[in-house]
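Structural features, examined
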Amino acid sequence: MEGTLSFCSCSPSQAQLPLQPTSFPPQFPKKFQFLRLQKSKPLNSAKALGTGNNGHFKDFPATPNKVFTEEAIGAEYGEGFETFRPNGLLKVDVDFLNDRLQEGFLRRIRYAMKPDEAYGLIFSWDNVVADSQALKLDVWNQVASEEGLEFPEDDGVQRLLLYAAADHVLHKVLPKENNEADRDRLKKRLSQLYYDNLLKISEPIEGLKEWLDAVSTAHIPCAVVSSLGRRNVVEALERMGLMKYFQAIVTEEDGMESIAHRFLSAAVKLDRKPSKCVVFEDDPRGITAAHNCTMMAVALIGAHPAYDLGQADLAVGSFSELSVINLRRLFAHKGSNFMDLEKQIVEKTPRRRKLTIDTIF
């Protein structure tokens, strides 16, 4: 130990690392010279975790997520989600967010000069940002060809494949002798194929990019919500060239339990109260969830016919039919305190005097 310091491994079974002394200036005391570790090969974190290029774990089977399940609408009575704070559990509901996300004095002045910036736009992923309808049909057809199954080509079955839960579809399609283990295996296969085919998506819904350009020019913040994993959504948005338009992303990692909860989470990330947000949806269930959150809903006709989207505040065939003026018209009938509870002053009416007649006899 006179010239150099040596280090030993903590475990005798582990091999000691080769050490080499580091050169120092002559005036530096020799006894303080340290040893430099030899450079080792960098670790590949993806391979160390057992993941492939598409984010799947090779050592663990892929588990089905919410893609092929029917999610709850949520917020039927204005209830929200729970979040943790240093002082304890905080329950966030629709009324709470509308109250706490009120604009401050300076922001109200800004919104008075630029009213479009007061809005927040929330885009659903399925059939609004990406064409997941064709993606789901391709996945079901691929599973059917692998398992030797045949799906009838009538409209009822096609709608079942697109909007029903995987359990419901497999229960109707699979033979009765197939057990639950076979259904679980097929659900995992569905999820794996969906994520594999998701890598092929490179084009957004027609007209979406031009619409996002228009709202970006008006400085309106946008968010996208999805039940997919964050990594898959971000990579798909980058392939489509849309990542720069979204200021917030709500994905599976946010832990939201319903469609409405994802919308509320997006409103919080955009720093806009729910009553000032507009949701772009293609599903009647998503439109109901938006209204439960006191949000406006714009329906995109395509996956569902127009008569199924009658509850939406506005229904369009494509994004090319929209303009920023449409957003203003959605809120044209609302004042700053529209539908807020107010105290009404009730004027007390004076007591009626009783007339008496004095009779002199």
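None of the values given here were measured: they were computed from a predicted structure.

Definitions and limits used
Counting restarts for each chain: residues are numbered from 1 in the order of the written sequence. Thresholds applied to this predicted model are a pLDDT of at least 70 for local features of residues and 80 or more for the giving and counting of side-chain atom pairs; totals over whole chains, interfaces and linings are not thresholded and use all residues. Side-chain measures were taken over the full set of non-hydrogen atoms in the model, leaving aside hydrogen atoms and water. The quantity called pLDDT is the predictor's confidence in a given residue, expressed from 0 to 100. It only takes one pair of heavy atoms within 4.5 Å for two residues to be counted as in contact. The distinction between a cavity and a pocket rests on a 1 Å grid over the protein atoms alone: a 1.4 Å probe fits inside a cavity but cannot get out, while a pocket stays open yet meets protein on both sides within 12 Å along at least five of seven lines, and a residue with an atom within 4 Å of a point counts as lining. Grid points are joined across faces, edges and corners, and a volume is the space filled by probe spheres set on the points. In this classification, the charged set is Asp, Glu, Lys and Arg, the nonpolar set is Ala, Val, Leu, Ile, Met, Phe, Trp, Tyr, Cys and Pro, and all remaining amino acids, among them Gly, are polar. Think of it in three bands: with a 1.4 Å probe and only protein chains considered, a residue is buried below 20% of the maximum accessible area for its type, exposed above 50%, and partly exposed in between. The helix count covers DSSP runs of H or I at least four residues long, the strand count covers runs of E at least two residues long, and both are numbered beginning at the N terminus. One requirement defines pairing of two strands: DSSP has to find at least two bridges between them. Whether a crossover is right-handed depends on one test, that the path from the first strand over the helix to the second runs clockwise when the strands point away from the viewer. Expected helix span is computed as 1.5 Å times (number of residues minus one).

This next bit is on the confidence of the model for the protein chain. Looking at the protein chain as a whole, the pLDDT averages 76, with 70% of positions reaching at least 70. Every residue in residues 1–64 is under pLDDT 50, and counting partners more than four places away or in other chains gives 59 contacts. Predicted confidence is poor over residues 336–340, with pLDDT under 50, and the contacts of this stretch with residues over four places away or in other chains come to three contacts.

Following the criterion strictly, the structure yields one cavity of 30 Å³ or more and no others. The calculated volume of the largest cavity comes to roughly 40 Å³. Lining the largest cavity are Leu101, Glu103, Arg107, Tyr111, Ala118, Asp271, Arg272, Lys273 and Lys276. Looking at the lining of the largest cavity residue by residue, the class counts come to three nonpolar, no polar and six charged.

Most of strand S9 (residues 296–300) sits out of view: five of its five residues are buried. With three bridges connecting them, S9 and strand S10 (residues 314–316) associate as parallel partners. Within S10, the position partnered with valine 298 by the bridge is leucine 314.

In this section: the pairing of strand S8 (residues 277–281). Most of S8 sits out of view: five of its five residues are buried. Neither face of S8 is exposed, since Cys277, Val279 and Glu281 on one face and Val278 and Phe280 on the opposite face are all buried. Where S8 lies against S9, four bridges are found, and the strand directions are parallel. Residue pairing across strands places valine 278 opposite methionine 296, the latter belonging to S9. Regarding topology, helix H11 (residues 284–292) serves as the crossover connection from S8 to the parallel S9, and that connection is right-handed.

Because an α-helix packs 3.6 residues into every turn, residues spaced three or four apart end up facing the same way. An ideal rise of 1.5 Å per residue puts 27 Å on 19 residues; helix H7 (residues 180–198) measures up with 27 Å between its terminal C-alpha atoms. Among all positions in H7, only Leu186, Lys187, Leu190, Ser191, Leu193, Tyr194, Tyr195, Asn197 and Leu198 are buried.

Turning our eyes to something else, we now look at unusual backbone geometry. Of note, asparagine 127 is a non-glycine position whose phi angle comes to about 60 degrees, a positive value. Mapped onto the secondary structure, asparagine 127 falls in the loop between strand S5 (120–124) and helix H4 (132–147). Judged by its relative accessible area of 13%, asparagine 127 is buried. In the Ramachandran plot, aspartate 271 falls in the positive-phi region, its phi being about 60 degrees despite a non-glycine side chain. With respect to the secondary-structure elements, aspartate 271 resides in the loop between helix H10 (259–270) and S8.

What follows concerns the environment of lysine 200. Along the chain, the position of lysine 200 falls in the loop between H7 and helix H8 (208–217). In this structure, the C-alpha to C-alpha distance between lysine 200 and alanine 236, residues 36 residues apart in sequence, is 8.8 Å.

The next thing to look at is H11. Considered for burial, the residues of H11 that qualify are Pro284, Gly286, Ile287, Ala289 and Ala290. Residues of H11 that are buried make contact with H10, S8 and S9. A positive phi of about 60 degrees marks threonine 294, the residue just after H11.

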